[in-house]
Amino acid sequence: MAVTCLAPVTVVSAMASLNVALPDIARATHAGQTQLSWIIDAYGLVFAALLLLAATLGDRFGWRRALLGGLALFAGGSVAAAFASEPETLITLRAVLGVAAAFVMPATVSTITSTFPREQRTRAVSVWDGERP
């Protein structure tokens, strides 16, 4: 339960924390207003666009693989983004994080529904849904 709750918190906080860091990012990368908009929006756009496809691939190839692969890609992309000095690189890495997030979110729900017995599922999904900011 802890992993299935921590994974979406990480994915959601990647969006919220960026808004706080935006002035520092603008100074560090010398990004223009359009580039800053893409730095913010690339993540959400790719995440939303690929969510259904990622869920379908998770169904086909396994939720555990989707969750672990998504988390690995998210971790690698996050580390790389921390060292990005060019706005274009950061935009690309934010899109990569959106791909990873698209695999993580549906995999966590599926993991809960397949792990917990029927009588505990409602409570588990409630905990999963209630822990996000």
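Our subject is the structure that appears above.
A few points on the structure. (Residues numbered from 1 in each chain as written. Predicted model: local features only at pLDDT ≥ 70, side-chain atom pairs only at ≥ 80, totals over all residues. Heavy atoms only, no water.)

### Some remarks on the packing of aromatic side chains
Within the structure shown, the criterion is met by 1 aromatic pair. With centroids separated by 6.4 Å and ring planes inclined at 15 degrees, the aromatic side chains of Tyr 43 and Phe 47 adopt a geometry described as stacked. Taken as a pair, Tyr 43 and Phe 47 lie in helix H2 (residues 33-61) at a separation of 4 residues, close to a single helical turn. Judged by relative accessible area, Tyr 43 falls into the buried class, the value being 3%. (Phe/Tyr/Trp six-rings, centres within 6.5 Å; stacked < 30°, edge-to-face > 60°. Helix = DSSP H or I, 4+ residues; strand = E, 2+ residues; numbered from the N terminus. Buried < 20%, exposed > 50% of the residue type's maximum accessible area, 1.4 Å probe, protein only.)

### A closer look at the environment of Met 15
With respect to the secondary-structure elements, Met 15 resides in helix H1 (residues 2-29). Take Met 15: its relative accessible area is 28%, and that puts it in the partly exposed class. Each C-alpha atom of the pair Met 15 and Gly 32 lies 19 Å from the other, and the pair is 17 residues apart in sequence.

### A short note on the packing of H2 against helix H4 (residues 87-115)
For any two helices packed against each other, one specifies the crossing angle of their axes together with the interaxial distance. One can describe the packing of H2 onto H4 by two numbers: an axis separation of 7 Å at closest approach and a directional angle of 30 degrees. Classed by the angle they form, the pair H2 and H4 counts as roughly parallel. The handedness of the crossing between H2 and H4 comes out as right-handed. Tallied by class, the residues present in the contact of H2 with H4 amount to 23 nonpolar, 2 polar and 2 charged. (Axes fitted to C-alpha atoms, helices over the stretch in contact; angles between N-to-C directions. Parallel < 35°, antiparallel > 145°, perpendicular 65-115°, else oblique. Left-handed = near helix turned anticlockwise from the far one by under 90°. Nonpolar A, V, L, I, M, F, W, Y, C, P; charged D, E, K, R; others polar.)

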